[in-house]
Amino acid sequence: MAGLLFGTGGSPHSAATKSTIDGIKRIAELGLGCMEIEFVQGVKMGEAGARLVADTATREGVKLSAHGPYFINLNAREPEKITASQGRILQTARIASICRAENITFHAAFYLGDPPEKAYSTVKKYLAEIMNQLKRENNRVWVRPEVMGKPSQFGTLEEILNLSVELERVAPCVDFTHWHARTAKFNSYHEFASILLQVKQRLGTSALDDMHIHVSGIAYGKSGEIKHRNLKESDFHYVELLKALRDYDARGIVICESPNLEEDALLLQATYNSLPREV
Ligand SMILES: [Zn+2]
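Attention shifts here to the pairing of strand S3 (residues 63–67). Burial analysis of S3 places four of its five residues in the buried class, the great majority of the element. In this fold, the crossover linking strand S2 (residues 34–38) to S3 by way of helix H2 (residues 47–60) has right-handed handedness. As judged from the three bridges shared by S3 and strand S4 (residues 103–106), these two strands associate in the parallel manner. Note that in S4 the partner of Ser65 across the bridge is Asn103. The β-α-β motif built from S3, the intervening helix H3 (residues 79–98) and the parallel element S4 has right-handed crossover chirality.

Here it is as structure tokens:
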């Protein structure tokens with residue numbers, strides 16, 4: 001059995017409609033294994049809708065996760081923006097939990113000119129409040145701040161791993177493409193392997209058993225990420241990445257965020273499954 005499930009960020013283009021339920025059905029038809037529900041413009045799904053989504057996903061055997069709204073900045077200057085950001089993450093977690101999604105991800109913050117250490121302690125403080133609230137609600141969703149693609153955005157690999165070490169039920173969303181775009185490095189087997197080794201050393205083998213990964217092609221420049229591209233139109237060495245994931249026996253989910261969504265998700269899955277492996 002494959003250790004990794006592959007799927008799309010949002011409903012596949014070839015789904016009957018853009019609805020989450022049709023998206024899940026299409027994921028199953030395509031032979032993919034997971035889908036990330038995109039609440040990026042706001043959490044507009046209600047509890048009744050989420051229950052239908054959960055039933056569909058269970059019936060179709062599709063594993064779900066959710067991506068929180070873009071309008072989040074846990075390092076905002078204004079207290080009301082912090083409160084609103086926390087509310088958006090909490091709402092993502094609440095609806096995700098009803099969808100029986102086990103993981104949520106989101107873009108945590110911008111530095112806004114702060115030294116990274118200062119932004120880190122601010123993000124950690126407000127994320128800790130979120131985690132305490134979810135604990136009080138008995139919400140067991142894993143909360144995964146994402147490794148980000150621009151130097152103006154909070155979310156180096158180190159920062160995300162540190163949060164994961166320090167806060168209970170916080171884990172990384174390792175966006176390998178973002179990290180490549182941000183550093184203009186990390187595009188070879190050995191560099192990908194070094195990331196996986198770092199995850200293992202900081203968080204233990206259990207983290208490699210339950211990875212949440214984002215992959216796509218990407219265009220990037222001096223300020224990091226410019227835009228997502230299809231894998232074959234970008235320089236991203238996805239085959240090397242898949243080999244490293246195989247060799248480290250990484251398990252969990254891989255969400256494809258290329259513009260062509262399911263096409264690259266299927267390419268990643270087929271490539272991964274065709275890699276030679278020891279029996
Ligand atoms: Zn994202």
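Here the zinc ion is held by His67 (NE2), His107 (NE2), Glu146 (OE) and Glu146 (OE), and the distances to it run 2.1 to 2.6 Å. Around the zinc ion sit four donor atoms; with metal-centred angles ranging over 53 to 145 degrees, the donor geometry is irregular. Read in sequence order, the donor residues coordinating the zinc ion give the pattern H-x39-H-x38-E. Of the two residues, His67 sits in strand S3 while His107 sits in the loop between S4 and helix H4 (116–136), which places them 40 residues apart along the sequence. His67 sits in the buried class, given a relative accessible area of 2%.

Here we take up the nonpolar core. Formed by 78 residues in total, the largest nonpolar core has its most connected members in Leu64, Leu127, Phe154, Phe176 and Leu268. With eight residues, the single largest contributor to this core is H4. If we ignore the near neighbours within four places in the chain, the residues touching Leu268 are Phe6, Val215, Leu231, Tyr238, Leu242, Val254 and Cys256.

Glancing now at the packing of aromatic side chains. Evaluated as defined, the whole model comprises six aromatic pairs. Between the aromatic rings of Phe6 and Tyr272, the centroid separation amounts to 5.5 Å while the plane-to-plane angle is 50 degrees, which identifies the pairing as tilted. Of this pair, Phe6 sits in strand S1 (residues 4–9) while Tyr272 sits in helix H10 (residues 262–274), and the two are 266 residues apart along the sequence. Both rings, one in Phe192 and one in Phe236, keep their centres 5.5 Å apart while their planes meet at 65 degrees; by these two values the pair is edge-to-face. Residue Phe192 is located in helix H7 (residues 189–203), and its partner Phe236 is located in the loop between strand S9 (224–229) and helix H9 (238–247); the two are separated by 44 residues in the primary sequence. Assigned by exposure class, Phe192 and Phe236 land together as buried. If you follow Arg169 out to its NZ or CZ, it ends over the ring of Trp142, 4.4 Å from the centre. It is Arg277 that lies over the ring of Tyr272; its NZ or CZ is 4.9 Å from the centre.

Analysis parameters
Residues numbered from 1 in each chain as written. Predicted model: local features only at pLDDT ≥ 70, side-chain atom pairs only at ≥ 80, totals over all residues. Heavy atoms only, no water. Buried < 20%, exposed > 50% of the residue type's maximum accessible area, 1.4 Å probe, protein only. Helix = DSSP H or I, 4+ residues; strand = E, 2+ residues; numbered from the N terminus. Right-handed = clockwise from strand over helix to strand, strands pointing away. Pairing = 2+ DSSP bridges. Donors = N, O, S within 2.8 Å, 3.2 Å for Na, K, Ca; no water. Tetrahedral: all angles 85-135°; square planar, octahedral: opposite > 155°, others 65-115°. Core = buried A, V, L, I, M, F, W, Y, C linked by side-chain atoms within 4.5 Å. Contact = heavy atoms within 4.5 Å. Phe/Tyr/Trp six-rings, centres within 6.5 Å; stacked < 30°, edge-to-face > 60°. Lys NZ or Arg CZ within 6 Å of the ring centre and 35° of its normal.

All quantities given are derived from atomic positions and should not be read as evidence of function.
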